[in-house]
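So the chains spell out like this:
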Amino acid sequence: MNSAEHELKFLIEKLLQYAVYNHLIDNQDLVWARNQLIDLLNVNDPFYISADTEIDYVIPEYATPILEKILDYAYEAGILKDNTLTSRDLLDTRIMGLLLSKPSEIIKRFNNIKKEKGITAATDDFYQLCQKSNYIRMDRIHKNIRWFSNSPFGQLEITINLTKPEKDPKEIAALRNAPQYGYPKCLLCVENVGYAGRLNHPARQTHRTIPLELYGETWHFQYSPYVYYNEHCIVLNEKHVPMKITKATFHRLFEFLDLFPHYFIGSNADLPIVGGSILNHDHFQGGRHVLPMEKAKIEYRLFCEKYPSVKPAVLYWPMTVLRICSSNSEELIDFAYYILSGWREYSDPAFDILAYTQNKKSEAIPHNTITPIARKKDNGDYELDLVLRNNRTTNKHPLGVFHPHEDLHHIKKENIGLIEVMGLFILPGRLKKEIDSIKELMGSKTENELNELRNPDHMLHHHYFWVEEMIRKYGTGLSMQEIDDLVKKEITEKCLRILSDAGVYKATPAGRGGLNKFLASLGIRPI
């Protein structure tokens, strides 16, 4: 036996100890799990420990350090055919899937803890399990760049997402030739639980969900593998049905809060451009995190004679947000649906808001919808934020009138979904390298390098006007700390612009006048 194989056997034992220590498997599962691992990794027999030998296994916080060494061996031994990130992810997920209990056992464990210690203890345990099983890859999450910046509307939370590393050219080429399958139908389907994955679909042997009943339907509770904030969860319909905001949506949001009162829960809008990245599977997102919009100030309060016990208000926020509160969830649901129904039919051409346009077949295309976010307060009251949305496009704004405008696309051009609406920006990973290069340019003693950005082939060409403006405002030759602070300040201002562009009525006197006109059409007035 060579030294590499000896090291692999030791790593297998260390991984088994890690699994037992973190309650992924029980001591009674050790022999079975060991045999599964040595079979997968083509090892004839396990690490031999004599009866009088004691080995002090140093258990890492997460499995990554052990897995990385096992993957290196697997590639050298020919078990792993390609040493790309995707291939490594497929194999290490398969390995960890052998060290995790069956879904039924995880569900039973969750419900037992909930019964004995409460729902918070149950989610704490399940969230920890998802990290320790490497379903949530905390080593990658920790690489994300995050900062907080003050704004006139309160503090914004900004991240550069490095959780999904860019694929190398070899992987891109392999993806182009990879066969296409229709199973699972999407990344949210419950059929992902235990799925082995492929080049164009992530492995999910470590994925587990908890079934729930929400308003007469079976839904599933899970954590996002990319956790953009603490305990970032996804609640998805068991059936693969498209997003649709209906009155039942509000019922399900509040029923979820009755089960998980320590979480917020919300839905992306149900139309393209203003919705999330997955519109073909009905789902919610939530978590145990206070996002900036929740802390936004009340700009002015409202009153509706039709619903006198509901307390509505307009939030001071770059997007158009109505906050409605009540101790009576049924009345709150009725009021929310009343606003949604009115908004879907409302047009205000003076503000570029059209409820419908017609396509070439003279079919009416709807444009108005909402992004709802719900939470349960400590006093038992329900709070629901309704963000008014419109997805109309024009020749001037082909990606959306109420979408980040073209001059902001060098920072972000993706849809503004639930999370960004609430003031947490998830900026693309490419920005890290680009911002580092911009900092070097601003730190130089000369502006000559700026001219190179005019070249369309230059990596920073799409940032040219932004960099030119910053150099004009701040000059060059600044310290790295000064530059870092200034660039973050500039990005914050652009994020505010992004929210403002997405707002149907701007946070201006004219915008508030337009909003009040819409509210008046529903019998809602400022007080």
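Residues numbered from 1 in each chain as written. Predicted model: local features only at pLDDT ≥ 70, side-chain atom pairs only at ≥ 80, totals over all residues. Heavy atoms only, no water.

*Asks:* Help me out: how do you make sense of the nonpolar core in this one?
*Replies:* One recurring pattern in soluble globular proteins: nonpolar side chains tend to sit buried together. Judged by nonpolar contacts, the single largest core of 96 residues is most densely connected at Leu15, Phe221, Phe250 and Phe256. When residues of this core are assigned to their parent elements, the largest contribution, eight residues, is made by helix α1 (residues 3-21). Not counting residues within four places of it along the chain, the set of residues in contact with Phe221 comprises Thr123, Phe126, Arg208, Thr209, Ile210, Leu212, Cys233, Ile234, Val235, Phe256, Phe260 and Tyr263. By size, the runner-up hydrophobic cluster in this structure holds 52 residues, among which are Met442, Leu460, Met470 and Val487. (Core = buried A, V, L, I, M, F, W, Y, C linked by side-chain atoms within 4.5 Å. Buried < 20%, exposed > 50% of the residue type's maximum accessible area, 1.4 Å probe, protein only. Helix = DSSP H or I, 4+ residues; strand = E, 2+ residues; numbered from the N terminus. Contact = heavy atoms within 4.5 Å.)

*Asks:* Teacher, can you tell me more about the sheet that holds strand β4 (residues 217-223) here?
*Replies:* Working definition: the strands of a sheet are paired by backbone hydrogen bonds and lie parallel or antiparallel to each other. Strand order in the open sheet made by the eleven strands is β3-β4-β5-β7-β6-β13-β14-β10-β9-β8-β16, with antiparallel pairing throughout. For this open sheet the edge positions go to β3 (210-214) and β16 (524-526), each flanked by a neighbour on one side alone. Ignoring strand direction, the axes of neighbouring strands in this sheet form an average angle of 25°. Pairing analysis gives four bridges linking strand β9 (residues 311-315) to strand β10 (residues 321-326), with the strands arranged antiparallel. Across the sheet, residue Pro312 finds its bridge partner in β10, namely Ile324. Relative to strand β8 (residues 298-304), helix α15 (residues 509-520) is tilted by about 20°, and along the sheet it contacts β8, β9, β10, β14 (382-390) and β16. (Pairing = 2+ DSSP bridges. Axes fitted to C-alpha atoms, helices over the stretch in contact; angles between N-to-C directions.)

*Asks:* I would appreciate a short explanation of the sheet that holds strand β2 (residues 156-160) in the present structure.
*Replies:* Strand order across the open sheet formed by three strands is β1-β2-β15, with mixed pairing between neighbours. Strand pairing shows two members of the sheet lacking a second neighbour, β1 (145-149) and β15 (424-427), which therefore form its edges. On average, adjacent strands in this sheet sit at an angle of 20° to one another, irrespective of strand direction. Pairing analysis gives four bridges linking β2 to β15, with the strands arranged parallel. Bridging from a neighbouring strand, Ile160 pairs with Leu427 of β15. Strands β1, β2 and β15 of the sheet are contacted by helix α14 (residues 480-502), whose axis makes an angle of about 110° with β2.

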